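Secondary and tertiary structure notes
These are the residues of each chain, in order.
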Amino acid sequence: MSENSGMINEGSLNDVLDRIDPNLPILIAGPTASGKSALAMEIAARTGGPIVNADAMQVFADWRILTARPSAEAEAIVPHALYGHVPGHVEYSVGRWLRDLAPLLEGPTPVIVGGTGLYFTALTEGLAPIPEIPDEVRRIATKRIATDGINRLLGELDPETRARIDGRNPMRVQRAWEVLTATGRGLAAWQDETAPPLLPLSGAAAILVHAPKDWLNDRIERRFARMISDGLLDEVRANAPAWHPARPSAKAIGAAELIAHVRGETSLDDAREAAIVATRQFAKRQRSWFRGRMSGWQTMRPLSDMGASA
């Protein structure tokens, strides 16, 4: 995707609305802190549909501030769905997200917003019919990653899968290893049998928020400062007693660093810096995914009047 391909100028919300069919579900993807949640609020307030979450971490109930979930005030203004509806100890998959989403496509036109590219890809391109992974296989994978890192698991994958996934992403490597171990077939082979999509891209108005790197890095730092002032440390303290690195919601960016701080294992400055660096690295991976997998989406720059939200 070129820097300005199909780009809508900054601040042109009316241009966005003029170019989309209000009768189609609206998809908004973008990296963390790019202002996509604020954009979704603006559009949903005009179209009258609900805002539906497409972020893998914002589904969990135990992290609102850390994952930049919409505030209770925002939820009172516009209906929101699939936010904070899963307990933090419960596994949640893209397949379950699709099942939860399907009934929402039958009602008022939704605005589906998030930063999990895999959710959008599964929604618009289809999801491979992979069986449920046994808990024991998942426990083994989690233990091995905690002990040895991801490189050994990555090396055990079939060549086709290894070439297709992001080998630097622990969640993707773990998922691929679990599928191969549990089914005897590589993830790539399953993906090649993908069923028709729940919502083809041709049946949606798809917007990708394009956020320049330096602008986004600054936003990430400012957003973290605002999270602290909004009570993030209190949220971390509330989660600390039940927190464990194997807990599904523990994968929230910055969780491990901030838990270490409230347990007295590191300073707030060190935890803050580590969380910001991890968030910037995550945003970089998101941007790479979007460039590689969302070339058919209409791109726009962030709106100038947005706050530093998700």
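Everything below is about the structure shown above.
Anyway, here's the lowdown on the structure attached to this text. (Residues numbered from 1 in each chain as written. Predicted model: local features only at pLDDT ≥ 70, side-chain atom pairs only at ≥ 80, totals over all residues. Heavy atoms only, no water.)

Its location among the elements puts Glu-235 in helix H12 (residues 232–239). For the buried Glu-235, which has no salt bridge, the nearest side chain bearing the opposite charge is Arg-64, at an N-O separation of 6.3 Å. When residues no more than four places from it in sequence are discounted, the contact partners of Glu-235 are Asp-62, Trp-63, Arg-64, Ile-65 and Leu-66. (Helix = DSSP H or I, 4+ residues; strand = E, 2+ residues; numbered from the N terminus. Buried < 20%, exposed > 50% of the residue type's maximum accessible area, 1.4 Å probe, protein only. Lys, Arg positive; Asp, Glu negative; His and termini not counted. Salt bridge = Lys/Arg side-chain N within 4 Å of Asp/Glu carboxyl O. Contact = heavy atoms within 4.5 Å.)

Once that is clear, we can look at helix H14 (residues 268–293). In this model, H14 (26 residues) spans 37 Å end to end at C-alpha, consistent with the 38 Å of a helix rising 1.5 Å per residue. Three or more residues of H14 are buried, namely Ala-271, Ala-275, Ile-276, Ala-278, Thr-279, Ala-283, Gln-286, Arg-287 and Phe-290. If you follow the buried residues of H14, they end up packed against strand S1 (26–29), helix H5 (117–125), strand S5 (205–209), helix H11 (213–229) and helix H13 (255–262). (Expected span 1.5 Å × (residues − 1).)

The subject of this paragraph is the environment of Ser-267. Structurally, Ser-267 can be placed in the loop between H13 and H14. Expressed as a C-alpha distance, the spacing of Ser-267 and Leu-123, which sit 144 residues apart in the sequence, is 41 Å. Within polar-contact distance, the side chain of Ser-267 engages the backbone nitrogen of Asp-270 at 3.1 Å. (Polar contact = N/O pair within 3.5 Å; in protein donor to acceptor, adjacent residues only side chain to side chain.)

The alternating pattern of strand S4 (residues 111–114) places Val-111 and Val-113 and Ile-112 and Gly-114 on opposite faces, both of which are buried. Pairing analysis gives four bridges linking S1 to S4, with the strands arranged parallel. Within the sheet, the bridge partner assigned to Ile-26 lies in S4 and is Val-111. Note that strand S2 (residues 51–53) and S4 share three bridges and pair parallel. Residue Asn-53 lies in a different strand from S4, and its bridge partner there is Val-113. (Pairing = 2+ DSSP bridges.)

Moving on, we get to the pairing of S1. Here S1 shows a buried face lined by Ile-26 and Ile-28 and a second buried face lined by Leu-27 and Ala-29. For S1 and S5, the ladder comprises four bridges, and the chain directions are parallel. The partner of Leu-27 across the bridge, within S5, is Ala-206.

This part covers the side chain of Arg-219. With respect to the helices and strands, Arg-219 occurs in helix H11. Among buried charged residues, Arg-219 stands out as having no salt bridge; its nearest opposite-charge side chain is Asp-218, 7.2 Å away.

Within the secondary structure, Pro-25 sits in the loop between helix H1 (13–19) and S1. For Pro-25, a relative accessible area of 12% translates into the label buried. Along the chain, Pro-25 and Ala-205 lie 180 residues apart, while their C-alpha atoms are 6.2 Å from each other.

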